[in-house]
Each structure stands twice: as C-alpha cells, then as structure tokens.
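Listed below are the residues making up each chain.
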Amino acid sequence: MRVYNFSAGPSMLPEEVVKEAAKNIEDYAGSGMSVMEMSHRSKWYDAINTECLALVRELMNVPENYEIIFVQGGASQQFDAIPLNLLSSFDEKADYIVTGNFANKAYKAAKKFGDIRLVASSEDKTYTYIPKTTKDDFRKDAKYVYICENNTIFGGKYWELPDTGDIPIVADLSSCIMSQEIDVSKYGVIYAGAQKNLAPAGVTIVIIRKDLLGKANPLCPTMLNWQTQIDANSLYNTPPCWSIYMMMLNLRYLKKMGGVKAIEAINRKKAAMLYDFIDNSSFYNNYVEKDARSIMNIPFVSPSAELDAKFVKEAEAEGLVSLKGHKLVGGMRASIYNAMPIEGIEKLISFMKKFEEENK
Ligand SMILES: *Cc1c(COP(=O)(O)O)cnc(C)c1O
C-alpha cells in the first residue's frame, strides 16, 4: 500500500510517474536495458538529458540569457560553488540574509571565499519571520545578495524578493522550485536540489544569468565551476542518470497537468486547508508569521512534546508518514510538495481532528 509521505526530502513522487518508471524498468525504449544500466553517452540517455533540460526551461519560462545545468553534490555543494563562481578573488563582496538553517550554512561556507557580510537574520525569533530589508542595506559593490527562498526546516517563505537594486539575487529554491510561478529574470542565480519537488536525490539544478559567468575564482575546482557543465551540456562526467530520467518523467507529468500555474493553484489550496485547520484549533499551533508562511513545509505543534511523539507514531500507523519535525524545531512538520495529493491533506486533517478529540 502506498502511504502519504510528508517527508521533507527525499519526498513523494506522483504515483503515475513511479508507475511509468516501473513499466520501463527492464527495457527502456527498446534498448534492452534499464536507464540505470545504460551509458550516459548512449543515444537514449542523450535524449533524456536534452528533453529534461528543455522541460526545465519551458516549465519555468527561463529566458534565453540564462544557462541551465544539472550538477551533483546536492544543494549543499552550491554553498561553496556560489562564492567560488561569482567572486573572482577573496576580497570581493557578497551580502547574505539568513532566514533559516540552510541559509546559515550557505553564509558560513561563503565566508571562506570572500568578504561576506550578514545583512539580516531572523534567528532572534527562531526563523519565524522574514526580515525587512531595503536597497540601502546592501553594499553597493556587493557582487550578489544571497537568500534562501523557502525555509524547509522552520517553514518560512520569501513572498516578495528583497529590493537589491542592480545587485543580482542568488536564491536557494530547493524546497519550492516549480511549486509556484516565478519570474526568473528577477534572479541572478537560482539553484535547487531536485529531491524535494522534482526527482529522486542526486541531481541539483542550477540556473545562471549568462553575464554572471566567466568571473570564477581561479582556485574554483573544475567540478564546482558552472562553466564546466555548461560547456558539456551537463555531460562533462557521469551524471546521476536515473534521477534525471525520473525528473524528466515528472516534468512531463507536470506539463500534462497544466504546468506550474496549475500546480500552484493546488499547492495554495492544500496549504490553506491545513493552515485554516491549525489556526482554528486551540490544540495545534504554527508559529510562523502569517505573511511569511511556506506553502510547502508546514511545521506545527500539539500542547506537549509527549503528545507530539504520540501524534507522529499514531499518524504513521494510519499511513501518514514522516511527520516528525526537524530536530532543530521538534513537533511535527508536514512537507506538502507538488506530489502530495489533496486527499493526503484531507486524511491528515481528519487524523488531526481525531487525535485532538482523544487527547485534549
Ligand atoms: C534540502 C535543502 C538543502 C540541502 O540539500 P542537499 O541536496 O541535501 O544538499 C539546501 N537548501 C534547502 C532550502 C533545502 O531544502
């Protein structure tokens, strides 16, 4: 039986996509082998790579003056790759905003490679809000401003990008990529590990405005330099073929469903159902400020840590799995990415009602 998996990542994939992969597992497109077994230089894999890159461009409406590459090492690898690609020397500047754990890791990693300044942080209130900034908060000669757009662990979200004037924004979209329509032209660099919303683990998408290329630190390792995969159409070395194949199937499915616009409407509906229920309950709480709430990751607590643990255990027995909150936060967290159907939210809410009745 398939469960409703609320894991923050790796996370659910649409059932139809998993079934499609299963159908072709032994013999992909008459090749006599699975995608897991074939050469990344084969004509079949070449077609997968090309189609998948094209689908990312189409579904996110990525303008021509942006490159798209697939890399490995997870989103975390980009914490180092970003300053190494965008700062030519160790004294060039970049400004960071820290709105959660992953942004903090990115900030700390960058400090090794440049003159990095922390402009704003929401750590004082355990990352439950998005700090307000204005153009004047950033150094005029900063090469980029860094944000994490959706805070996977604490459940906060940038709903409006900071005004940085002409300074390009570099954004981590790992937990919100293709969950809502965005205007790519407002960003300098977008990157995202695919395992939250798009694919199994192993592949990270990086989207780079072309004029920001060619300035990497001379010490930037070959495999971290974005230009390496740009020049090789993301086939410089062996890619995570299976993950990219699964992403292609998932993006085909998303396109068939009506694309990002269609999934955004569903995502907003799912999140509203859950927040409405939590806000109308005196048993459950979500502490994120209302204008900064994520529609992908929804943390909540019951009246006590003991009840939280009981909740997680009993939910699991009902096929509602991976609801335990991150260790930094405790409580529960429902990650409701693109692949979580509305029925999963309905089932979660009815379980929450029952649990409240039995334990209040
Ligand atoms: C999951 C996540 C990461 C880390 O991704 P890895 O691929 O495990 O390195 C970074 N940033 C955000 C926002 C995430 O959600």
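Computed from a predicted structure; not experimentally measured. (Residues numbered from 1 in each chain as written. Predicted model: local features only at pLDDT ≥ 70, side-chain atom pairs only at ≥ 80, totals over all residues. Heavy atoms only, no water.)

Caption draft 1: Focus on unusual backbone geometry. With an omega of -10°, the peptide bond running from Gly-9 to Pro-10 counts as cis. A positive phi angle, close to 55°, is found at Asn-61, a residue other than glycine. Mapped onto the fold, Asn-61 is located in the loop between helix H2 (43-60) and strand S2 (66-71). According to the relative accessible area criterion, Asn-61 is exposed, its value standing at 62%. Phi angles above zero are rare outside glycine, and Tyr-127 is one such case at about 55°. Secondary-structure assignment places Tyr-127 in the loop between strand S4 (115-121) and strand S5 (142-148). (Helix = DSSP H or I, 4+ residues; strand = E, 2+ residues; numbered from the N terminus. Buried < 20%, exposed > 50% of the residue type's maximum accessible area, 1.4 Å probe, protein only.)

Caption draft 2: How the structure looks around the pattern of salt bridges. Taken as a whole, this structure holds 19 salt bridges when the rule is applied. One salt bridge connects Lys-143 with Glu-92, and the closest N-O pair in it is separated by 3.9 Å. Linking Lys-143 in strand S5 with Glu-92 in the loop between helix H3 (74-86) and strand S3 (93-98), this pair joins segments that are 51 residues apart in sequence. On the basis of relative accessibility, which here comes to 19%, the residue Glu-92 falls in the buried class. Here Arg-268 makes a salt bridge to Glu-264, at a shortest N to O gap of 2.9 Å. (Salt bridge = Lys/Arg side-chain N within 4 Å of Asp/Glu carboxyl O.)

Caption draft 3: Representation of the layout of surface pockets. The volume enclosed by the largest pocket comes to roughly 290 Å³. Around the largest pocket sit 15 residues that line it, and Ile-130, Pro-131, Lys-132, Tyr-158 and Glu-160 are the ones nearest its centre. Residues of the lining of the largest pocket, tallied by class, amount to eight nonpolar, one polar and six charged. Approximately 250 Å³ is the volume attributed to the second largest pocket. Taken together, 21 residues make up the lining of the second largest pocket; nearest its centre are Ala-75, Phe-102, Ser-174, Gln-195 and Lys-196. Among the residues forming the lining of the second largest pocket, the class breakdown is eight nonpolar, ten polar and three charged. (1 Å grid on protein atoms, 1.4 Å probe; cavity = no way out; pocket = protein on both sides within 12 Å on 5 of 7 lines; lining within 4 Å. Points joined across faces, edges and corners; volume = space filled by probe spheres on them. Nonpolar A, V, L, I, M, F, W, Y, C, P; charged D, E, K, R; others polar.)

Caption draft 4: Spotlight on the packing of aromatic side chains. Scanning the model with the defined rule gives 15 aromatic pairs in all. Ring centres of Tyr-96 and Tyr-146 lie 4.6 Å apart, and the angle between their planes is 15°; on these two criteria the pair is classed as stacked. Taken together, the residues Tyr-96 in strand S3 and Tyr-146 in strand S5 connect sequence positions 50 residues apart. Residues Tyr-96 and Tyr-146 agree in their burial class; the two are buried. Plain terms: the ring middles of Phe-311 and Phe-355 are 5.1 Å apart, the flat faces sit at 75° to each other, and that makes the pair edge-to-face. In this pair, Phe-311 is assigned in helix H8 (residues 305-317) and Phe-355 in helix H9 (residues 342-359), connecting sequence segments 44 residues apart. With relative accessibility at 1%, the residue Phe-355 sits in the buried group. Following the ring pairs from residue to residue traces out a cluster consisting of Phe-277, Phe-283, Tyr-284, Phe-300, Phe-311, Phe-351 and Phe-355. A cation sits over an aromatic face here: Lys-157 above Trp-159, 4.2 Å from the ring centre. (Phe/Tyr/Trp six-rings, centres within 6.5 Å; stacked < 30°, edge-to-face > 60°. Lys NZ or Arg CZ within 6 Å of the ring centre and 35° of its normal.)

Caption draft 5: Molecular detail of the side chain of Ser-34. Take Ser-34: it is sitting in the loop between helix H1 (15-23) and H2. Setting aside chain neighbours within four positions, we find Ser-34 in contact with Ile-25 and Glu-26. (Contact = heavy atoms within 4.5 Å.)

Caption draft 6: Region of the structure containing the nonpolar core. With 89 residues, the main nonpolar core has Met-178, Ile-207, Met-247, Leu-251 and Phe-311 as its most contacted residues. Per element, the largest residue contribution to this core is nine residues, and it comes from helix H6 (residues 241-256). Counting residues in hydrophobic clusters, the runner-up holds 36 residues, among them Ile-69, Phe-79, Val-98 and Cys-220. (Core = buried A, V, L, I, M, F, W, Y, C linked by side-chain atoms within 4.5 Å.)

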